[in-house]
Amino acid sequence: MATELAARPIVNSLTTGRLPRGSAWMLLVGCWILLGLVFLLVQLAGGTTSFNIVGTVFCGTILFDILIYVLSRLVEGARRAKDRLVTSLVTTAFIIVLLPLVSLLYTVVANGLGRMIEPSFFTESMRNILGEDGGVVHALIGTLEITAAAAIISIPIGLLTSIYLVEYGRGTLARVITFLVDVMTGIPSIVAGLFAFALFALITGNPGYRSGISGSVALAVLMIPIVVRSSEEMLKLVPNELREASYALGVPKWLTILKIVIPTSIAGITTGITLAIARVIGETAPLIVAAGFTTSVNYDLFNNPMMTLPAFAYQQYSQQGAIQSDYINRAWATALTLILIVMILNLVARLVARFFSPKLGR
Amino acid sequence: MVTNGTYRRLEWVAPAPSCNQTPEGNTVSFTRFGSIAVVAVAAALVLSSCASNEGTTTGSTGSPSALTGTLSGIGSSAQGTAETAWAAGFQGANSGVTVNYNPQGSGAGRTAFLGGQSDFAGSDAALKDTELATQSPKCAAGTKPIDLPVYISPIAIVFNIAGVTTLKLDAPTIAGIFSGKVTTWNDKQITAQNAGVTLPSAKINVVHRGDDSGTTQNFTDYLSANAPTVWTAAPAQTFPYKIGDAATGSSGVAAAVKSAKNSIAYLDNSAATGLASAQLKVGATYNTISAAGAADVVAKSPIAAGRAANDLAIAIDRKNTDANAWPNVLVSYLIVCQTYKDKATGTLVAAYAKYVASADGQAAAAKQASSAPLATDLAAKVAASIATIK
Amino acid sequence: MTTESAGRITAKIRRGDRVFSTSTVIAGSIILAILAAVAIFLVVQSFPAVVAKSGTLPNAAPNFWVYVGPLIFGTIWAAALAMIFAVPISIGVALFISHYAPRRIAQVLGYIIDLLAAVPSVVFGLWGANVLAPALAPFYAWLNTNASWFPLFQGSVSATGRTILTVAIVLAVMVLPIMTAVNREIFLQTPRLHEEAALALGATRWEMIRTAVLPFARPGIVSASMLGLGRALGETMAVAIVLSPAVVYSFLLLTPQNPETIAGNIALQFSEASGVGLSSLIASGLVLFVVTFIVNAIARYVVGRRKEFSGAN
């Protein structure tokens, strides 16, 4: 790493003032083993019923943070010790995050994989299904169509608005829009659902109008502010020197934005959009209100209710029948499917970013 | 994207073309594979015009039915599982029909039905007088909706105490526990009824519904009828006392009881699988929870007075003391128009309701949702009402 | 862009420019229109609750403000707790990925974190209620017995672990991916020259980050935190599934009687609500709207004072 290269002193006998290489990692592993032994003793003494792996990793890492600071302070002095402390704290933060996330993923995969790989899961809907069969075709189609429509609505609006705010926006309108985007991030998801439902009841004149498109509008309301916020942040980071260089060459402003500003920030913008989609694809409450429930496949975005994966997962969990395991298995498998869809989405986003971002000499 | 950034900066940091090329190449081929997979999945979805289980008649009836159309219902989540079973049975016999039931909740169901948003509603409570005065756009002008009792579910008192499998409780004790007046398992009031059972001296962990529900309404109604001196709160959808843990939905309550030792809760019987259920003192005996006992109580309860002729709203007799009776019971209604503005919808709803109240429909719900099938005479009354739906 | 004043060089107005700038203004205006529509919807729907008489509101509240008070408190309290966990950890993780981790690992880690932003809130809720809460319950009991000198750990401990502390942890885990992803992007955008300059002056890695990376990234960090806070404030299903609510003002972290959040309350009561009850839920949604806006306005103010690092100012 650059920083190591730069910070490393000339290798000679002067290394006396440094901790040996790799000592940090050995210390970390040592702390884990030590705490592992402590928890093992607690377990053997009957304090806990099973081995506490979370406690081991967590307490071991904390112990490591303290030890490395003290050691480094003694050997290397205050500045290096502080650097070591921050390094270990940052690593600790990462390990702390991994604990719940790994637990969550493990729970989903362990409970969902078995059911998901059964052939019926991706070939059947839930129409006329009462037993352990059945699948998510109807919910999968619903989620893909509704989310795609939501993205088609909100990406242009969101991206153009952020361009307006960064490149054109001056004066009152820009301030008002910034203000409103902030307000929009505060719309509770279920309110977005109720709003979309009421809007379409008004437009269609049918008080019970529930369809995919009203779900899409509800999701778009939630998605637009995220797209604006993240794109705005990324556009702002494009150095002004690039814009000025472009203007100096006589390139019109709109072409400068299209050819210079957006490509430079495309990686960040794509990340933002992917995150926004990921954020809304798992929404449950607004879709239950706006898009409704069905057990059958419905391709038509504009007529009749559409099922979506999160709504299906929630329904399977909350409306368990006599044989509860059938329902719970389907719920977890659905959650796993949803995560996999977003994974594919991420891959596509990376591909987009790779194609469009300029090859910088970094 | 992200990693692009990472790559670029690292490339700059330590120029090492060979290291950089390999993963880059790998990633490209991987993402390319990913995009191919996406296209393949999308194509498969578009090409498969229908899920493999759709478009076929699974019912045993030989002749295809003439009914076609889509029915939409909104309402009680307690009925949700049963509605799935009914929709499956009805769609199986009539392949041209689709029944969509949205278990948003009873209140939402009644509001939606009266606002013309759905063809029928499922509700844990019969329509109130003010609601009956509303003209639903679905119903023909001047006609009122009717309540049909179609789903009966006994409410179980479940508990989780290590080593204890049977527990006998009377209504005042239950009221005491759930209102915070009885706080430990070895309280005299409990031990007096449970000779021979070793109860711990631990604190009682009460778990109740955190969301508003028909189950809470019926449970509190039972307690205020049978233990009015202890349970002083009025029957309500919201649990009235600030004690114990609240959990969301039947499945949430069941999970909470399973995870917390020395806990007790009330639950729809369908969600009580795998949990020990207490016996309830009815009259002089302790009765075990049973579908038949619940159906019996409902069948012997009077029809609420002052309603339309075909409206079968039931005033549940909470003080029924028959042998095996289980008066801690929830009745859920199918709410439909007496006469629909749209004839085709009327025909479809009538056919669906007929199936729901039939022996087949009730048996399907009992199998799927552990509900209590309607007793014969009540079923006959319901069927007679349904025959008048137009 | 002046066109009329004589004696000055007038910029040529190109058609492409005009079309493009107009379309961006239209997009902005659409947002305006959507928000106006949502606001009208909310105000109309919530009006009956705000003027409702005593006795018609849920929870036997005498007026709407008494009804919504504990909910506002709970919303802010839960979100604040979540941010206490999430902000430092997300900065730490983002730094780890952008400046500390070996590059191969960094690539994979960035990808994993992105993916976790996609886990639906229902799944977080189910995990929180069925895995996390039971796992934390014994720990809470221990804290309650041995650390009750700390005022927030007092009170009668919950047996199921479904407390506001568990909710805060679940919320923190939920908002971490989105916050980390944004922070990481910002850290990666730090001007290379600043970093090199710091290192060349003999700074340790931490000193380089403190003097070059963090000042540059501060507005972005605030922005990322606001995105996370917005989600934490408005989170519906996970709170509804995990929390054991009651109508109380309570700072206690370990008891079963926790203040409910606005969004969680809407999810819990919506299904059985009608009439004024429904109006009061929507009115509480309007209040959440306002709360989120105030929080965002404060953040905007903080960011606004630190504009000097933005490339496009």
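Residues numbered from 1 in each chain as written. Chains lettered and ligands numbered in written order. Predicted model: local features only at pLDDT ≥ 70, side-chain atom pairs only at ≥ 80, totals over all residues. Heavy atoms only, no water.

## Some remarks on the packing of aromatic side chains
Item 1. All told, the structure shown has 22 aromatic pairs over all chains when counted by the stated rule.
Item 2. When the ring of F178 of chain B is compared with that of F219 of chain B, the centres are 5.1 Å apart and the planes differ by 75°; the resulting orientation is edge-to-face. Taken together, the positions of F178 of chain B in helix α6 (residues 171–178) and F219 of chain B in helix α8 (residues 214–226) put the pair 41 residues apart, joining distant regions of the chain. Taken as a pair, F178 of chain B and F219 of chain B share a single burial class, namely buried.
Item 3. Ring plane angle 85° and centroid distance 5.0 Å describe the contact between F73 of chain C and F251 of chain C, whose orientation is recorded as edge-to-face. Placement of the pair is F73 of chain C in helix α2 (residues 64–100) and F251 of chain C in the loop between β1 (245–246) and β2 (258–259), with a sequence separation of 178 residues. (Phe/Tyr/Trp six-rings, centres within 6.5 Å; stacked < 30°, edge-to-face > 60°. Helix = DSSP H or I, 4+ residues; strand = E, 2+ residues; numbered from the N terminus. Buried < 20%, exposed > 50% of the residue type's maximum accessible area, 1.4 Å probe, protein only.)

## Comments concerning the packing of helix α8 (residues 189–204) of chain A against helix α9 (residues 212–236) of chain A
All names here are of chain A.
Item 1. The geometry of α8 relative to α9 is characterised by a closest axis approach of 8 Å and an angle of 135° between their N-to-C directions. Here α9 runs oblique to α8, going by the angle between their axes. Crossing angle aside, the handedness with which α8 passes α9 is right-handed. Residues S189, A192, G193, F195, A196, L199 and F200 of α8 pack against I213, S214, V217, A218, V221 and L222 of α9.
Item 2. Here the contact of α8 with α9 is built from residues that sort into 10 nonpolar, three polar and no charged. (Axes fitted to C-alpha atoms, helices over the stretch in contact; angles between N-to-C directions. Parallel < 35°, antiparallel > 145°, perpendicular 65-115°, else oblique. Left-handed = near helix turned anticlockwise from the far one by under 90°. Contact = heavy atoms within 4.5 Å. Nonpolar A, V, L, I, M, F, W, Y, C, P; charged D, E, K, R; others polar.)

## Some details on the domain arrangement of chain A
Many descriptions give the size of an interface as the accessible area lost when the pieces come together.
All names here are of chain A.
Item 1. Structurally, chain A comprises domain 1 (19–113) and domain 2 (137–356).
Item 2. Taking only C-alpha atoms into account, the centre of domain 1 sits 38 Å from that of domain 2.
Item 3. Each partner contributes residues to the interface: domain 1 has seven residues there, and domain 2 has six residues.
Item 4. Interface area lost by domain 1 to domain 2 is led by V108, N111 and G112, which between them contribute 71%.
Item 5. Linking domain 1 with domain 2 are zero salt bridges, by the criterion used here. (Domains from an automatic or database assignment. Buried area = accessible area lost by both parts, 1.4 Å probe. Salt bridge = Lys/Arg side-chain N within 4 Å of Asp/Glu carboxyl O.)

## Concerning the nonpolar core
Item 1. Grouped together as the largest cluster of nonpolar side chains are 200 residues, with contacts concentrated most on I187 of chain A together with F187 of chain C.
Item 2. With 20 residues, the top contributor of residues to this core is α2 of chain C.
Item 3. Looking at which domains feed residues into this core, each of domain 1 (19–113) and domain 2 (137–356) of chain A gives three or more.
Item 4. When sequence neighbours within four positions are dropped, the list of residues in contact with I187 of chain A reads A192, V221 and L222 of chain A together with L35, V38 and F289 of chain C. (Core = buried A, V, L, I, M, F, W, Y, C linked by side-chain atoms within 4.5 Å.)

## Some points on the packing of α2 of chain C against helix α3 (residues 103–116) of chain C
Residue and element names in this part refer to chain C.
Item 1. Taken N-terminus to C-terminus, the directions of α2 and α3 make an angle of 145°; their axes are 8 Å apart at the nearest point. For α2 against α3, the interelement crossing comes out left-handed. Seen from α2, the contacting residues are V93, F96 and I97; seen from α3, they are A106, L109, G110 and I113.
Item 2. Residue composition of the contact of α2 with α3, grouped by class: six nonpolar, one polar and no charged.

## Considering unusual backbone geometry
Item 1. The phi angle at N304 of chain A is positive, at roughly 65°, despite the residue not being glycine.
Item 2. One non-glycine residue with positive phi stands out, namely S370 of chain B, at about 50°.

## Let's talk about the interface of chain C and chain A
Item 1. Taken residue by residue, the interface counts 90 residues in chain C and 91 residues in chain A.
Item 2. Per-residue buried area on chain C facing chain A is highest for F20, I31 and R300 of chain C; these three make up 8% of the total on that side.
Item 3. There are one salt bridge connecting chain C and chain A.
Item 4. Counting across the chain C and chain A interface gives seven residue pairs in polar contact (both at pLDDT 80 or more).
Item 5. Among the elements that line the side of chain C that touches chain A, the one with the most residues is helix α1 (residues 15–50) of chain C, at 19 residues. (Polar contact = N/O pair within 3.5 Å; in protein donor to acceptor, adjacent residues only side chain to side chain.)

## Things to note about the environment of W254 of chain A
Item 1. Following the sequence through the fold, W254 of chain A ends up in helix α11 (residues 253–281).
Item 2. When residues no more than four places from it in sequence are discounted, the contact partners of W254 of chain A are Y168 of chain A together with G16, D17 and F20 of chain C.

## Some thoughts on the pattern of salt bridges
Item 1. Scanning the entire structure with this criterion turns up 13 salt bridges over all chains.
Item 2. With a shortest N-O distance of 3.7 Å, K236 of chain A and E232 of chain A are connected by a salt bridge. One end of the pair is K236 of chain A and the other is E232 of chain A, both in helix α9 and four residues apart, which spans about a single turn. No difference in accessibility class separates K236 of chain A from E232 of chain A, as the two residues are buried.
Item 3. A salt bridge links R307 of chain B to D147 of chain B, with the nearest nitrogen and oxygen atoms 2.9 Å apart. With R307 of chain B in the loop between α10 (291–300) and β12 (329–337) and D147 of chain B in strand β4 (residues 145–160), this residue pair connects regions lying 160 residues apart in the sequence.
Item 4. Overall, the relative accessible area of 23% leaves R307 of chain B in the partly exposed class.
Item 5. The exposure class assigned to D147 of chain B is buried, which follows from its relative accessible area of 0%.
Item 6. The structure contains a network of salt bridges with shared partners spanning D147, R307 and D311 of chain B.

## A few points about the state of the cysteines
Simply put, disulfide is the name for a covalent bond between the sulfur atoms of two cysteines.
Item 1. Within this structure, the stated rule accounts for one disulfide over all chains.
Item 2. For C139 of chain B, the disulfide goes to C337 of chain B, at an S-S distance of 1.9 Å. Negative torsions about the S-S bond denote left-handed disulfides, and the value of about -75° found for C139 of chain B with C337 of chain B makes this one left-handed. In this pair, C139 of chain B sits in the loop between α5 (129–132) and β4 while C337 of chain B sits in strand β12, placing the two residues 198 residues apart along the sequence.
Item 3. Sulfur of C31 of chain A: no disulfide; nearest cysteine sulfur belongs to C59 of chain A and is 11 Å away. (Disulfide = S-S within 2.5 Å.)

## Some words on the sheet that holds strand β10 (residues 279–282) of chain B
Residues and elements named next belong to chain B.
Item 1. One open sheet accounts for three strands, arranged β5-β10-β11; its pairing is mixed. Taken across any chain shown, the strands that pair with only one partner, and hence form the sheet edges, are β5 (168–169) and β11 (285–287).
Item 2. Direction of pairing for β10 relative to β11: antiparallel, over a ladder of three bridges. Within the sheet, the bridge partner assigned to V282 lies in β11 and is T285. (Pairing = 2+ DSSP bridges.)

## As for the pairing of strand β8 (residues 263–268) of chain B
All names here are of chain B.
Item 1. By the criterion of burial, β8 is predominantly enclosed, with six of the six residues buried.
Item 2. Both faces of β8 are covered, namely the face carrying S263, A265 and L267 and the face carrying I264, Y266 and D268.
Item 3. Relative to β8, β4 runs antiparallel, the two being bridged by six bridges. Its bridge partner being in β8, F159 is matched across the sheet by I264.

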